[in-house]
Amino acid sequence: DRIVAALGPCLLRDNFEVGPDLVTAFTDKYPDAARFFSPAPAPPFAQGKSLFDAAAFAAWRLETAGLDLGNFDDIPVCTLARPADYFSHRGSVRRSEPDYGRNLSAIAMWES
């Protein structure tokens, strides 16, 4: 009850294309994780790819670890969909840019 978690901005489901190898890696470790993958529409995605809902997966893992989801703040902002606001390696590759910016994430712990 003293733990609070937040997620985002990050790569959201509609832009998180993954191959069958990642689906297998997740479902081998977490059989219930299959529900976080859906077939990717082709085009624009490659045939045989899936879309991964990493935000929903993270919320599920936090909840199974005992976090009350009332203490979970999901910021549903996709870094790839907002290139003027966030750097995205995947977005830079899609745009054939020679380099990409960097984002910073932080984990903080304190007693109050």
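Here, the structure is the one placed above.
Predicted model, so just to flag it, every value in this text is computed and none were measured.

Asker: Whenever I open this one, the side chain of Asn15 confuses me. Can you help?
Answerer: As for its placement among the helices and strands, Asn15 is situated in the loop between β1 (5-7) and β2 (17-18). When sequence neighbours within four positions are dropped, the list of residues in contact with Asn15 reads Phe45, Cys78, Leu80, Ala81, Arg90 and Arg94.

Asker: I tried to follow the nonpolar core on my own but got confused; where do I start?
Answerer: Soluble globular proteins tend to bury their nonpolar side chains together. Core analysis: the largest hydrophobic core is formed by 14 residues, its most contacted members being Val18, Phe36, Phe37, Phe52 and Phe57. Elements supplying a minimum of two residues to this core: α1 (20-29) and α2 (54-64). With near-sequence residues (within four places) excluded, Val18 lies in contact with Val23, Phe37, Lys49, Ser50 and Phe52. Core analysis: the second largest hydrophobic core is formed by seven residues, Leu7, Cys10, Ala59 and Leu67 among them.

Asker: How should I be thinking about the sheet that holds β2 in this particular structure?
Answerer: Pairing between the strands of a sheet is mediated by backbone hydrogen bonds and can be parallel or antiparallel. The antiparallel open sheet is built from three strands, whose spatial order is β2-β4-β3. What marks the edges here is a single partner per strand, and that holds for β2 and β3 (37-39).

Asker: Hey, could you run me through the environment of Glu17 in this one?
Answerer: Looking at the element boundaries, Glu17 is found in strand β2. Each C-alpha atom, one on Glu17 and one on Gly91, is 12 Å from the other, the two residues being 74 residues apart in sequence. What Glu17 contacts, discounting residues up to four positions off in sequence, is Phe45, Ala46, Lys49, Ser50, Leu51, Arg90 and Arg94.

About the thresholds
- Residues numbered from 1 in each chain as written.
- Predicted model: local features only at pLDDT ≥ 70, side-chain atom pairs only at ≥ 80, totals over all residues.
- Heavy atoms only, no water.
- Helix = DSSP H or I, 4+ residues; strand = E, 2+ residues; numbered from the N terminus.
- Contact = heavy atoms within 4.5 Å.
- Core = buried A, V, L, I, M, F, W, Y, C linked by side-chain atoms within 4.5 Å.
- Buried < 20%, exposed > 50% of the residue type's maximum accessible area, 1.4 Å probe, protein only.
- Pairing = 2+ DSSP bridges.

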